[in-house]
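# Structural description and commentary
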Amino acid sequence: MPPALAACIDDPAREVQLLLTEVRRDRGRVVLVDHALGLAPERWFAAASLVKLVVVLLAAERLTALGLDERARIALDAAPASGAWSADEPADEPFARTARRLLVASENAPYNRLYDWLGPDAIGARLASLGWADARLNARLGSTDVEANRRLAGSRVLDPQGRLRARAPARVVAMPPPFPHGAVLRGRGWHDGERVIDGPHDFSRANFLPLACVHRLLLALLYGEQADGLP
């Protein structure tokens, strides 16, 4: 690779993590070979939009358990208490559109819809059951307000004919557990939505996804059981 890029990757201060899966095909059988560089599952990094794939998959799993498909509509009884949500955001929309907005356009408001519907506590429990107890999806996108992120709007799930299939009341979840591997202070300043505050920001209750977690979920989506055994 170009020397300048290689120098960035080799610089410990940049904390670069790379995870690549080579897809080999042998007589119709898919073989997945993993390659990693600088992988550090206990080091915090900003998960950013990686969280969107996770909530799409968990939402699809829950809808399937309800006997529904991508045509089901997920409705919030009120706007989320914090984070991205414009005045013209629809109260409900088909899951297919929510997923498309997340995975194609990488919009933030659809993530917040699924966050309030699924609940950060249920998200964490499901990821822990899959082997990712360190994962944390505790915050809406566009929100650093820990208390507001605990307050969930009531929600409904409607089938394609508009019939109610599930309802959840508005609730307040428990204070999320902090990042499990020590203090997380990053940056020289941060923006609280109104002003810049000097000094590092505490990300101990921000979203965190080990890179291998979201990587494996992507492989599981694409290749199913053939992804078993990878980190």
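No experiment lies behind these values; they were computed from the predicted model shown.

With that settled, the discussion passes to the overall build of the protein. Summing up its helical and strand segments, the protein has seven helices and 12 strands in all. What you see for the protein is a C-alpha radius of gyration of 19 Å, in line with the 17 Å of a compact globule of 231 residues. Summarising its shape, the C-alpha atoms of the protein cover approximately 60 × 55 × 30 Å along the three principal directions. When burial is assessed residue by residue, the protein has 37% of its 231 residues classed as buried. Residue pairs at least 24 apart in sequence account for 62% of intrachain contacts in the protein once pairs closer than 6 positions are excluded. Carbon and sulfur atoms provide 54% of the accessible area of the protein, an area that totals close to 12,500 Å².

It is worth spelling out the packing of helix H2 (residues 50–65) against helix H4 (residues 109–118) at this point. Packing of H2 against H4 leaves a shortest axis separation of 10 Å and a crossing angle of 50°. Between H2 and H4, the angle falls in the class oblique. The interaxial crossing formed by H2 with H4 has left-handed handedness. Contacts from Val 51, Lys 52, Val 55, Val 56, Leu 58, Ala 59, Arg 62 and Leu 63 in H2 reach Tyr 111, Leu 114, Trp 117 and Leu 118 in H4. Its residues placed into classes, the contact of H2 with H4 shows 10 nonpolar, no polar and two charged.

Take the pattern of salt bridges next. If you walk through the whole model with that rule in mind, you get 18 salt bridges. Between Arg 186 and Glu 15 there is a salt bridge, with its nearest N and O atoms 3.7 Å apart. Separated by 171 residues along the polypeptide, Arg 186 in strand E9 (residues 185–186) and Glu 15 in the loop between helix H1 (3–10) and strand E1 (18–26) bring together distant segments of the chain. Residue Arg 186 is classed as partly exposed on the basis of its relative accessible area of 30%. When salt bridges with common partners are traced through the structure, they connect Glu 89, Glu 93, Arg 97, Arg 101, Glu 107 and Arg 113 into a single cluster.

Listing the buried residues of helix H3 (residues 95–103) in full gives Phe 95, Thr 98, Ala 99, Arg 101 and Leu 102. Seen end-on, H3 carries its buried residues on one side only, within an arc spanning 160°.

Moving on to a nonpolar patch on the surface. There is a patch of nonpolar side chains on the surface, built from Leu 218, Leu 221 and Leu 222 and spanning about 280 Å² of accessible area. Looking at the secondary structure, you find Leu 222 in helix H7 (residues 211–223).

This part covers unusual backbone geometry. One non-glycine residue, Ala 48, adopts positive backbone phi at about 50°. By secondary structure assignment, the location of Ala 48 is in the loop between strand E2 (29–37) and H2. Here Ala 48 falls in the exposed class, since its relative accessible area comes to 52%. The residue Ser 106 is not glycine, and still its phi comes out positive at about 55°. Exposure remark for Ser 106: the relative accessible area of 34% places this residue in the partly exposed category.

The rules we used
Residues numbered from 1 in each chain as written. Predicted model: local features only at pLDDT ≥ 70, side-chain atom pairs only at ≥ 80, totals over all residues. Heavy atoms only, no water. Helix = DSSP H or I, 4+ residues; strand = E, 2+ residues; numbered from the N terminus. Rg over C-alpha atoms; globule rule 2.2 N^0.38 Å. Buried < 20%, exposed > 50% of the residue type's maximum accessible area, 1.4 Å probe, protein only. Contact = heavy atoms within 4.5 Å. Areas by Shrake-Rupley, 256 points an atom, 1.4 Å probe, with all protein chains shown as cover. Axes fitted to C-alpha atoms, helices over the stretch in contact; angles between N-to-C directions. Parallel < 35°, antiparallel > 145°, perpendicular 65-115°, else oblique. Left-handed = near helix turned anticlockwise from the far one by under 90°. Nonpolar A, V, L, I, M, F, W, Y, C, P; charged D, E, K, R; others polar. Salt bridge = Lys/Arg side-chain N within 4 Å of Asp/Glu carboxyl O. Arc of directions from axis to C-beta. Patch = residues over 30% accessible without salt bridge, like charges linked within 9 Å, V, L, I, M, F, W, Y side chains within 5 Å.

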